[in-house]
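A closer look at the structure
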Amino acid sequence: MRVAVEVRLFFALIVFTGLWMALQLYFTHGQDSTMERISRLLKQKSAKNTQHQGKQLVFYNRLPKCGSTSMKLLIRRLAEMNYFTFHEDPVFVVETFEDNELQIYTELTNRLCTPSIYEKQIFYVDFRRFGYQQPLYINLVRDPLERRVSWYYYIRFGRVRHRPIPRNFSHQETAQTFDECVLNNMWECSTDGQDSFLMTTFFCGHDPICREPSQMAVEVAKENIRRHYAVVGVLEEFSSFLKVLQIVVPQFFHGAHTTWQQLSQEKTLMEEQRTNNRTPPSPRARSIMRKRLELDYQLYHFIKKRFHMQKTQLGIKD
């Protein structure tokens, strides 16, 4: 008796399954197949992963004299449009920390309200070492020589309507041109010291290997960019940089390109970003300085190649 009941239930299940499949075929006629729908959903999920939707804190560890003033103007406007918080660090010099200080710093940063973008002039920090989730890093770089020239005159003369940061320069040092600095191999333009590979250090981090110029520091910087930076753009292609950000992190940068075009029409605002008394270096000084900035140029070309690949993958042609 029990066997007969089980047999009847088995055949009933087969009939029910057949009817269900027939109904599905009827109602989905002319629509995507199940496999097509699954394929589309997987693509959508992949796109969301690419766009870093899950990250609620974007960390812009900005490199000096690489368009950061323009970026800050833009992000302030986008914060109002896209409903996020923009945390602007009050310290205007590059800070380096030891491990015990980094522990405190990562803890404080982790307490920031989200969703938000946080900007600070600081070398790359691995938050995971201290037990916290890694933020989503972005950055913007510039031709190393152009960055150095801009910085050289900025710390002496500031920008239009902005006084320079106080420095202990003598009158002679203040009046010295970039050419004179390079050709006389003065400390600001020599191959020694952190300024000769500042871009590399920004992406390498706080580890001892990052504090002295070396090929190893460049390789560590490259690996950090590969693993932890959603976008690193180049200032020479700022418009494309904004278009990439719009696609990769739309939660924060939706409308960035159009908004920047509008800001660019405000002539007074744009004029205020210009460095005072900047004198272009001679071809000889350029040639000498490019050799002294060899490590930063290695990293710059790596970043530029990666950025161009990203543009191609996203279909951005300008």
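Look up: the structure comes first, before these words.
Residues numbered from 1 in each chain as written. Predicted model: local features only at pLDDT ≥ 70, side-chain atom pairs only at ≥ 80, totals over all residues. Heavy atoms only, no water.

So, the packing of aromatic side chains
Spelled out, the test is: Ring pairs shown here join Phe, Tyr and Trp side chains whose ring centres sit within 6.5 Å, with only the six-membered ring taken for Trp; geometry is labelled stacked below 30 degrees between planes, edge-to-face above 60, and tilted in between. A run of H or I in DSSP counts as a helix once it spans at least four residues, and a run of E counts as a strand once it spans at least two, with each numbered from the N terminus. Throughout this description, buried means an accessible area under 20% of the type-specific maximum (1.4 Å probe, protein chains only), exposed means over 50%, and partly exposed covers the range between. Either the NZ atom of lysine or the CZ atom of arginine qualifies as a charge over a ring when it sits within 6 Å of the ring centre and within 35 degrees of the ring normal.
What the rule picks out here adds up to 17 aromatic pairs. Between F84 and F252 the ring centres are 5.1 Å apart and the planes differ by 70°, which places this aromatic pair in the edge-to-face class. Residue F84 is found in the loop between α3 (68-82) and β2 (85-88), and its partner F252 is found in helix α11 (residues 250-253); the two are separated by 168 residues along the sequence. Judged by its relative accessible area of 8%, F84 falls in the buried class. Residues Y152 and F178 carry aromatic rings whose centres are separated by 5.4 Å and whose planes lie at 80° to one another, so their mutual orientation is edge-to-face. A residue pair is termed long-range when its members are at least 10 positions apart, and Y152 in helix α5 (residues 144-157) and F178 in helix α7 (residues 178-183) qualify at 26 residues. We note that Y152, like F178, is buried. Following the ring pairs from residue to residue traces out a cluster consisting of F59, Y118, Y124, F127, Y137, F203 and Y229. Taking NZ or CZ as reference, K65 lies 4.3 Å from the ring centre of Y154, over its face. Positioned above the aromatic ring of Y152 is the side chain of R156, whose terminal nitrogen or guanidinium carbon lies 3.7 Å from the ring centre.

A few points about the sheet that holds β2
Condition: A pair of strands is labelled paired if DSSP reports no fewer than 2 bridges between them. Simply put, an axis is a line fit to the C-alpha atoms, just over the touching stretch for a helix, and the angle between two N-to-C directions goes from 0 to 180 degrees. We call two residues contacting when some pair of their heavy atoms lies within 4.5 Å.
Read from one edge of the open sheet, 5 strands run β2-β3-β1-β4-β5, paired in parallel fashion. In the strand order of this sheet, the two ends are held by β2 and β5 (229-234), each with one partner. Here the strands of the sheet are splayed against their neighbours by 20° on average, with no regard to which way each runs. Alignment of strand β4 (residues 136-141) against β5, held across 5 bridges, turns out to be parallel. The partner of I138 across the bridge, within β5, is V231. Its contacts with the sheet place α3 against β1 (57-60), β2, β3 (116-119) and β4, and it is angled at close to 150° to β2.

Structural notes on the packing of α5 against helix α14 (residues 283-292)
Convention followed: Roughly parallel here means an angle under 35 degrees, roughly antiparallel means over 145, roughly perpendicular means 65 to 115, and every remaining angle is called oblique.
Look at α5 against α14: their axes get within 10 Å of each other, and the N-to-C directions meet at 110°. Of the possible angle classes, the one that applies to α5 and α14 is roughly perpendicular. Along its contact with α5, which presents L145, E146 and R148, the element α14 presents R286, M289 and R290.

Here we look at the side chain of K222
Residue position: K222 is located in helix α9 (residues 215-228). Given a relative accessible area of 14%, K222 falls into the buried group.

Structural measurements only, silent on function.
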